[in-house]
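Spelled out from the first residue to the last, the chains are:
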Amino acid sequence: MISPKFCYHSFNPRQCPKTEQFMDISSGLQFRGEPRPNREIGAARDAFWHWHCLVSCIMVTLTEPPAVELARKNLPICILDDESDLVETTSELLAKAGFPTFGTSNPQEVLEKIRHGGCRAVLADYKMPGMDGFAFLEKALQCDPGMYVILVTGFYSVDSAIEAIKRGAYDYVCKPVDFTRLTKTLDELADLFTQKSRIRDLEERLLINLQTHGIVGKSAAMLEVLDLAKKISRHYTNALITGPTGSGKELVARALHQMSPVGQERFAACNCSAMVDTLLESQLFGHMRGSFTGANETRAGLFEYANGGTVFLDEIGETTLAMQAKLLRVVQNREIQRVGSPEVKQVDIHLIAATNRDLRAEVAAGRFREDLFYRLSSIEIHVPGLMERPEDIPILVQHFLKKYSEAYGKTFQGLTRRAQIALLQHNWPGNVRELENVISSAAITANADFLDVGDLPAMLQKPLRRASTSDGNWQPLPLDEVRSVHIQRVLDMCNGNRVRASQVLGIGRTSLYRFLKRSSKRTVAKGAA
């Protein structure tokens, strides 16, 4: 309700058109252009415009649709009860309140509606023949973990209400239903659903802002990679990108190319580990007709094809020493020779190489040419693995979920809490590529609005491996030793990443460092003894 005080502050009578007639509502006095004291005229003017403003505000309030009605329209409700009269009555009352409703006495019909996203809340009777409220609640949450289920019972008790909430019910009400309370509960749900929709919209906008040339990330490690790529993009000629398999090295290479002065020119990629030397040489340098068996025509290689642009050599650490010698001339002098041709050609290219190997160790072992390594690594970008940037996992999941929702024609609102925990606890040996494959396969099989643990691969559904507790292997150990062993196993699982280990253990990094320090002191003391 709008008070006159609001009108007084929101309206200035001096800004309104003049009128020749003012009515003093409180006294009924009327003035028709007659000279009156300024105080009386001012009071009459103010009283008239305050009344006019109040009526205008009330009219605007009545004509504008309230936000509550809009929220209710976005919350379809299913009413499930074995008594058809109650279903019909409840459906009519909720429909008059503005909720889209669907009523039935068949639980399977409601479950089918849930599977296809036909409702967002269910008002279900607790006592039904064939399937009680708890059984229906369990099946409904299996179909859609994000479903809101309100159980209705004629035999209310505090214990049963607590049990229903524990099992996942949103509310537990008794018969006869208090429709004022029920409407308030449903309005809270509608408001919550509207807020979640707005949050998803904001997250989608944020996701767009967190993408840079196809790279998604907000972690400090990835921001450093992107910042370095921007700094060198206008100046590099050779660059080396290192990082584990599946971490996104080619995406970084493409981003580096797009930000460079030749970003509008061709980008040619070659996987050096996919071909033997003879085919790789032909692929990169080209060949003349008749230069080898099967060379039926003269063909240019990737270096000529991408002249003026960028060539990306993926997995360069897999090449042989002979192939590395041929690449050295390209890197050093930008000169190429087609297979079977004596002609030397000049090419103007940017060269980006990538590897998942430690090339310094390869050089020391004699498997990679030292001169080629130093020419390539004049500018080196290291792309961290996914376990080095776990804060990127949620936005990567959101990115892939949106990508495959559009690809498969489905609408997903996100992941359940337990599915998110399963993803965060996995060590991701395949990095971002593995995460993308997991979301892609889950999106194919999922039928609900939220991806759940059951939609994930079997390896992610299993809990963390625990130490054997069988009687045959059990032996008494000091508590400190058991704790140290467990911490070490979690560190091994996280590949030595202490930040990730502290998250899995559920303790702070400071506590983890303190435990490790104590363990090292005990180890030294035992050795001294």
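Scroll up to find the structure.
Everything numeric in this text was worked out from a predicted model, so none of it was measured. (Residues numbered from 1 in each chain as written. Predicted model: local features only at pLDDT ≥ 70, side-chain atom pairs only at ≥ 80, totals over all residues. Heavy atoms only, no water.)

## Overview of the overall build of the protein
Next up, step 1: On a plain count of helices and strands, the protein comes out with 22 helices and 20 strands.
Next up, step 2: Expressed as a percentage of the 529 residues in the protein, the buried residues total 41%.
Next up, step 3: Long-range contacts, defined as pairs at least 24 residues apart, comprise 68% of the intrachain contacts of the protein with a sequence gap of at least 6.
Next up, step 4: Counting only carbon and sulfur atoms, one obtains 52% of the accessible surface of the protein, whose full area is about 30,100 Å². (Helix = DSSP H or I, 4+ residues; strand = E, 2+ residues; numbered from the N terminus. Buried < 20%, exposed > 50% of the residue type's maximum accessible area, 1.4 Å probe, protein only. Contact = heavy atoms within 4.5 Å. Areas by Shrake-Rupley, 256 points an atom, 1.4 Å probe, with all protein chains shown as cover.)

## Description of the nonpolar core
Next up, step 1: Core analysis: the biggest nonpolar cluster contains 29 residues, and Leu-284, Phe-285, Phe-303, Leu-313, Leu-327 and Leu-376 have the highest contact counts within it.
Next up, step 2: Every element with two or more residues in this core is listed here: strand S11 (267–271), helix H11 (277–285), helix H12 (302–305), strand S14 (310–314), helix H13 (321–333), strand S17 (350–355), helix H14 (359–364) and helix H15 (370–376).
Next up, step 3: Filtering out sequence-adjacent residues up to four positions away, Leu-327 remains in contact with Leu-284, Phe-285, Phe-303, Leu-313 and Ile-316.
Next up, step 4: Within the second largest apolar cluster, 27 residues are counted, among which are Val-438, Ile-439, Ala-442 and Leu-451. (Core = buried A, V, L, I, M, F, W, Y, C linked by side-chain atoms within 4.5 Å.)

## Some remarks on unusual backbone geometry
Next up, step 1: With an omega of -10°, the peptide bond between Lys-175 and Pro-176 qualifies as cis.
Next up, step 2: Relative to the elements of secondary structure, Pro-176 occurs in the loop between strand S7 (171–174) and helix H8 (179–209).
Next up, step 3: Phi at Glu-315 takes a positive value of approximately 55°, unusual for a residue other than glycine.
Next up, step 4: By the element assignment, Glu-315 lies in the loop between S14 and H13.
Next up, step 5: Given a relative accessible area of 12%, Glu-315 falls into the buried group.
Next up, step 6: Phi is positive for Arg-334, close to 55°, though the residue is something other than glycine.
Next up, step 7: With respect to the helices, strands and loops of the structure, Arg-334 is situated in the loop between H13 and strand S15 (335–336).

## Describing the sheet that holds strand S10 (residues 238–242)
Next up, step 1: Strand order in the open sheet made by the five strands is S11-S14-S17-S10-S18, with parallel pairing throughout. Among the strands making up the open sheet, the edge pair consists of S11 and strand S18 (380–382). Going across the sheet, the axis of each strand differs from the next one's by a mean of 20°, ignoring polarity.
Next up, step 2: One ladder, built from three bridges, connects S10 with S18; its direction is parallel. Directly across from Leu-240, in S18, lies its bridge partner Glu-380. (Pairing = 2+ DSSP bridges. Axes fitted to C-alpha atoms, helices over the stretch in contact; angles between N-to-C directions.)

## What to know about the packing of aromatic side chains
Next up, step 1: For the structure on display, the rule yields seven aromatic pairs.
Next up, step 2: Ring centres of Phe-285 and Phe-303 lie 5.4 Å apart, and the angle between their planes is 65°; on these two criteria the pair is classed as edge-to-face. Placement of the pair is Phe-285 in helix H11 and Phe-303 in helix H12, with a sequence separation of 18 residues. Each member of the pair, Phe-285 as well as Phe-303, is classed as buried.
Next up, step 3: Look at Tyr-404 and Tyr-408: their rings are 5.7 Å apart centre to centre, the planes differ by 25°, and that puts the pair in the stacked class. Residue Tyr-404 and its partner Tyr-408 are both found in helix H16 (residues 393–408); the two are separated by four residues, about one turn of the helix.
Next up, step 4: For Tyr-404, a relative accessible area of 12% gives the class buried.
Next up, step 5: Every member of this aromatic cluster is reached through a ring pair, and the members are Tyr-126, Phe-134 and Tyr-172. (Phe/Tyr/Trp six-rings, centres within 6.5 Å; stacked < 30°, edge-to-face > 60°.)

## What to know about the pattern of salt bridges
Side chains that carry opposite charge are capable of pairing whenever their charged atoms lie near each other.
Next up, step 1: One pass over the structure, following the stated rule, counts 18 salt bridges.
Next up, step 2: Lys-175 is the partner of Asp-125 in a salt bridge, and the nearest nitrogen-oxygen pair spans 3.4 Å. Remark: Lys-175 occurs in the loop between S7 and H8 and Asp-125 occurs in strand S5 (residues 121–125); sequence separation between them is 50 residues.
Next up, step 3: Accessibility expressed as a relative area gives 5% for Asp-125, which makes it buried.
Next up, step 4: Overall, Lys-175 belongs to the partly exposed group, its relative accessible area being 26%.
Next up, step 5: Note that Arg-357 is salt-bridged to Glu-362, the shortest N-O span being 3.2 Å.
Next up, step 6: On the basis of relative accessibility, which here comes to 31%, the residue Arg-357 falls in the partly exposed class.
Next up, step 7: Several salt bridges share partner residues, and in doing so they unite Glu-318, Arg-357, Glu-362 and Arg-367 into one network. (Salt bridge = Lys/Arg side-chain N within 4 Å of Asp/Glu carboxyl O.)

## Some words on helix H5 (residues 107–115)
Next up, step 1: Of the residues making up H5, those classed as buried are Pro-107, Val-110, Leu-111 and Ile-114. For H5, the angular spread of buried residues about the axis comes to 100°, placing them on one side.
Next up, step 2: Here the buried face of H5 lies against strand S3 (77–80), strand S4 (101–104), S5 and helix H6 (133–143). (Arc of directions from axis to C-beta.)

## Some details on the environment of Pro-261
Next up, step 1: Relative to the assigned elements, Pro-261 resides in the loop between helix H10 (249–259) and S11.
Next up, step 2: Between the C-alpha atoms of Pro-261 and Arg-234, which are 27 residues apart in sequence, the distance is 6.1 Å.
Next up, step 3: The contact partners of Pro-261, leaving out residues within four places of it in the chain, are Ser-233 and Arg-234.

## A few points about the side chain of Thr-153
Next up, step 1: Its place among the elements puts Thr-153 in strand S6 (residues 148–153).
Next up, step 2: Those residues in contact with Thr-153 that lie beyond four places of it in its chain are Tyr-126, Tyr-172, Val-173, Cys-174 and Lys-175.

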